[in-house]
Amino acid sequence: MSSSTQTQGLSKYVTLISSDGFEFVVLREAACTSGAIKRMLDPKSGFSEATTGRCTFAEIKYVNRFSLPLANMDPGPITDIGDGIILEKIAEYFCYNFKNRDREDVPDMEIPPELCLELLMAADYLDT
């Protein structure tokens, strides 16, 4: 079976699922910016993600460092952002990257400073 015949049966979209249950539907081609996701979705891989088009990421976590009390300091409000916010930014990046793939002088994507470390670790994990 040729590779073009194999890709004809695949959905145009895939679903990325965070460990806290949030789901993000993105273009398959955009999600395949990630080497890890591309390998997961490869029909030859034998992974269940290749047939279902659903990728769950229990490994991608948000660690709220700002809620940890420091010596003699008020930790401020404790927020429960959740792991979905990290995967949401990743999905946003995939779409942003896909939309601007053939353009020059693309402005930087807005990334909140409190998410930078987790996004860097996720990018490494996803081979992005």
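This text gives an overview of the structure that appears in the document. These numbers come from a predicted model, not from an experiment.

### Regarding the packing of aromatic side chains
Alright, step 1. Evaluated as defined, the whole model comprises 1 aromatic pair.
Alright, step 2. With centroids separated by 6.2 Å and ring planes inclined at 55°, the aromatic side chains of Y93 and F94 adopt a geometry described as tilted.

### Considerations on the nonpolar core
Alright, step 1. Counting residues in hydrophobic clusters, the biggest one holds 23 residues, and the most contacted among them are L16, I37, F57, I60, I86, I90 and F94.
Alright, step 2. Contributing elements (two or more residues each) for this core: β1 (13-18), β2 (23-27), α2 (28-31), α3 (35-41), β3 (54-57), α5 (84-99) and α6 (116-126).
Alright, step 3. When residues no more than four places from it in sequence are discounted, the contact partners of I86 are I60, K61, Y62, L115, E118, L119 and A122.

### Observations regarding the side chain of K89
Alright, step 1. By the element assignment, K89 lies in helix α5.
Alright, step 2. The class for K89 is buried, based on a relative accessible area of 13%.
Alright, step 3. Of note is the side chain of K89, whose polar atom sits 2.9 Å from the backbone oxygen of E110.
Alright, step 4. Residues contacting K89, with those up to four places away along its chain left out, are M109, E110, P112, L115 and L119.

What counts as what
- Residues numbered from 1 in each chain as written.
- Predicted model: local features only at pLDDT ≥ 70, side-chain atom pairs only at ≥ 80, totals over all residues.
- Heavy atoms only, no water.
- Phe/Tyr/Trp six-rings, centres within 6.5 Å; stacked < 30°, edge-to-face > 60°.
- Core = buried A, V, L, I, M, F, W, Y, C linked by side-chain atoms within 4.5 Å.
- Buried < 20%, exposed > 50% of the residue type's maximum accessible area, 1.4 Å probe, protein only.
- Helix = DSSP H or I, 4+ residues; strand = E, 2+ residues; numbered from the N terminus.
- Contact = heavy atoms within 4.5 Å.
- Polar contact = N/O pair within 3.5 Å; in protein donor to acceptor, adjacent residues only side chain to side chain.

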